[in-house]
Amino acid sequence: MSRKLYIETYGCQMNVADSEVVISILKDEGFNVTGSMDDADLILVNTCSVRDNAEQRVWGRLDLFKQQKQKKPGTLIGIIGCMAERLKEQLLEADKMVDIVVGPDAYRDLPRLIGEAYEGHKAVNVLLSREETYADISPLRLDRNGVSSFVSIMRGCNNMCTYCVVPYVRGAERSRDPETIIKEIMDLIDKGFREVTLLGQNVDSYSWDTKGQKTGFAELLEMTGRVNPLLRVRFSTSHPKDMSDDVLEVMARYNNICKHIHLPAQSGSSRILKLMNRKYDREWYMNRIRAIRKILPGCSLSTDMISGFCTETEKDHQDSLSLMEWAEYDFAYMFKYNERPDTKAARKYPDDVPGEVKTKRLNEIIALQNKLSLKSKKKDIGKVYEVLVEGFSKKSTNDLSGRTSQNKVVVFPAGKHQPGDYVKIRITDCTSATLIGKPA
Ligand code: SAH
Ligand code: SF4
Ligand code: F3S
C-alpha cells in the first residue's frame, strides 16, 4: 500500500541533502512524496537550530501540523534534523502531538521508528555516530530544477567555534568514501543534472584514507572536476584556516570548477576572531584572499558576518566593516549574534552587546554589503559570461534564469534555450540582486 509523505526542510543546504536521503529511505518503505499536507499520512519537518529564530519558525509550523492532525487523525508528525538532536525527548514533552523525533545520524532507523509510532508508541532516536555518512544511499532528488544538485561529502564538524551549535547537533566530522561520491555524481549526470555542489561544514578538511593513500579536498575536487567537462562543480563551505593553495590551483586548472568561494570571515577583528575560536586572525584571512586574487583572478567571493558577538566594541565592528570594504565581497549572509544554549560562548562569555546595538551594527553591515553587491554587478556590465540555465525567471516565462560560474544570477530572453543549456550571455544591465543580459 502506498503511503504519503509530506516533508518541509529548514536550515542549510546539508538539510536539503539530508531530506533527499530521508525520502530515499522512506521510498523503500512505500512512501511517496506529496506536496499537499492534506494528503499526508506522515508529516516530517527537517529542522535547524543555528539561531533561535530558525527554531521559532518550526514551532510555528508545528501549530499548523497539529491542526492537520486534528482534521485527519492518524497522521503522524515527526521532527527530524538539528532541532530534534538539540531538544531530544523534550520535544515530545513540549508537544503531545509529536510522534517521532530523529537526529541527523539516525535516519536509517526511520522505518522502525515509524512502525513504533503506528503502534501508538512515541519513537525517538537521537544517537550521533562517528561513521554514518549515508554513503551507499542514493538520495531521491526533490524536484527543484533538474539541473543542479547537492552532494554531501562529509558530515559533522570538529571546529568548535564558540558561538556555534552545529558540532553539538551534527556530531564529529567524518568524510565520505570518494568512490561513492563519484558514483553519485555520475548517476546525477545520467539523470540530466549539469551542476553539483559538494557539501560539508568545512570542506577543506575532507580526508579519506584507502590503503595508506590519502585523498584530501584538493584531490577530491580534481576527481569531481574530471568526471565530465559539461558538469559544473561548486563547493561549500571553505574554512579560512584550512583553505589551501592546492585547492585554488585545482580550481584554476578546471574550467568547469566554478570560480566562486564562500569564505566566511564572521568578523574583521582579530580579538573577536580569537574569542570565536576561529583559529585565524584578520591578517591570515586577508592573505587567503590575496592568494585567491592571485591564483584565480575574477573569482567571486562571499562571506558570513556576525554582528554583536560577546564583548564586541565599536572598534571591532569598524574592523568588520573595513574588512568587507577591502574584500569587496560579491555577496554575504549577515546575522546578529544569537546566544545558543550550551555553546562555549554561552557558558563563558557575557552576551553583553545590547540588542539595539547589534541591530544598528547589523544594519550598517547590510547597507555596506548592498553597496558592494551592486558594485560587483555593475562591474559585469558589458562582459560576456557562460550561463548555465536553471529555469524560467520568477517574473516571466519569456525569460530564463541561470548562473555564471561566479554564482551570479542572470536573467535573459528565453529564445530557444532550455534548462541545462550553457548559453553565452552579454550583460547589459543589473539590479542589486540580478544581472540582466542577452545572448551574445
Ligand atoms: N560551517 C560554516 C557555517 C555553518 S552555520 C562555517 O564555518 O562558515 C552558518 C552561519 O551561521 C555561520 O557562518 C555563522 O555566520 C552563522 N551563525 C552560526 N552560529 C550563530 C549564532 N549563534 N548567532 C548568529 N549567527 C550564527
Ligand atoms: Fe559552526 Fe564553526 Fe563548524 Fe562552521 S566551522 S559549523 S561555524 S563550529
Ligand atoms: Fe542549521 Fe543544522 Fe545546518 S543547525 S545551519 S540545519 S547543520
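Criteria and cut-off values
Residues numbered from 1 in each chain as written. Chains lettered and ligands numbered in written order. Predicted model: local features only at pLDDT ≥ 70, side-chain atom pairs only at ≥ 80, totals over all residues. Heavy atoms only, no water. Domains from an automatic or database assignment. Buried area = accessible area lost by both parts, 1.4 Å probe. Salt bridge = Lys/Arg side-chain N within 4 Å of Asp/Glu carboxyl O. Polar contact = N/O pair within 3.5 Å; in protein donor to acceptor, adjacent residues only side chain to side chain. Helix = DSSP H or I, 4+ residues; strand = E, 2+ residues; numbered from the N terminus. Near = heavy atom within 4 Å. Nonpolar A, V, L, I, M, F, W, Y, C, P; charged D, E, K, R; others polar. 1 Å grid on protein atoms, 1.4 Å probe; cavity = no way out; pocket = protein on both sides within 12 Å on 5 of 7 lines; lining within 4 Å. Points joined across faces, edges and corners; volume = space filled by probe spheres on them. Buried < 20%, exposed > 50% of the residue type's maximum accessible area, 1.4 Å probe, protein only.

### Some points on the domain arrangement of the protein
Interfaces are often described in size by the accessible area the parts lose on coming together. Per the domain assignment, the segments making up the protein are domain 1 (3–125), domain 2 (148–378) and domain 3 (384–439). Taking the mean C-alpha position of each, domain 2 and domain 3 sit 26 Å from one another. Summed over both sides, the interface between domain 2 and domain 3 buries roughly 1,400 Å², with carbon and sulfur atoms accounting for 52% of that surface. Its largest share of buried area at the contact with domain 3, domain 2 owes to Arg194, Arg232 and Lys377, together 44% of the area lost on that side. Along the contact surface separating domain 2 from domain 3 lie one salt bridge. Between Lys408 and Asp330 there is a salt bridge, with its nearest N and O atoms 3.6 Å apart. The tally of links between domain 2 and domain 3 comes to 10 residue pairs in polar contact (both at pLDDT 80 or more). Within the residue set of the side of domain 2 that touches domain 3, elements represented by two or more residues are strand 13 (232–236) and helix 14 (355–378). If you tally residues by element for the side of domain 2 that touches domain 3, the top one is helix 14, at five residues.

### Considering the site of ligand 2
Lining the immediate environment of ligand 2, one finds Cys157, Asn159, Met160, Cys161, Tyr163, Cys164, Val166, Pro167, Gln201, His239 and Arg278. When grouped by side-chain class, the residues that make up the shell around ligand 2 number seven nonpolar, three polar and one charged.

### Some remarks on the site of ligand 3
All residues in the neighbourhood of ligand 3 are listed as Gly11, Cys12, Asn15, Cys48, Ser49, Val50, Cys82, Arg170 and Gln201. Residues belonging to the shell around ligand 3 are distributed by class as follows: four nonpolar, four polar and one charged.

### Overview of empty space enclosed by the protein
According to the stated counting rule, one finds one cavity of 30 Å³ or more in the structure shown. Considered as a void within the structure, the largest cavity measures approximately 90 Å³ in volume. Taken together, 14 residues form the lining of the largest cavity, with Val21, Pro139, Ser152, Arg176 and Glu184 sitting closest to its centre. When contributions to the lining of the largest cavity are tallied by element, the ones reaching two or more residues are helix 1 (13–27) and strand 7 (148–152). Here the residues of the lining of the largest cavity sort into seven nonpolar, two polar and five charged. Summarising the domain contributions, the lining of the largest cavity has at least three residues from each of domain 1 (3–125) and domain 2 (148–378).

### Quick word on the pattern of salt bridges
Scanning the model with the defined rule gives 38 salt bridges in all. The shortest N-O distance in the salt bridge between Glu8 and Arg61 comes to 2.5 Å. Here Glu8 is found in strand 1 (residues 3–9), whereas its partner Arg61 is found in helix 2 (residues 52–71), with 53 residues between them in sequence. For Arg108, the salt bridge goes to Asp136, with nearest N and O atoms at 2.8 Å. Placement of Arg108 in the loop between strand 5 (100–102) and helix 5 (110–118) and of Asp136 in the loop between strand 6 (123–125) and strand 7 is noted, with a sequence separation of 28 residues between them. For Asp136, a relative accessible area of 58% translates into the label exposed. Through salt bridges with shared partners, a single ionic network connects Asp18, Asp105, Arg155, Arg170 and Arg174.

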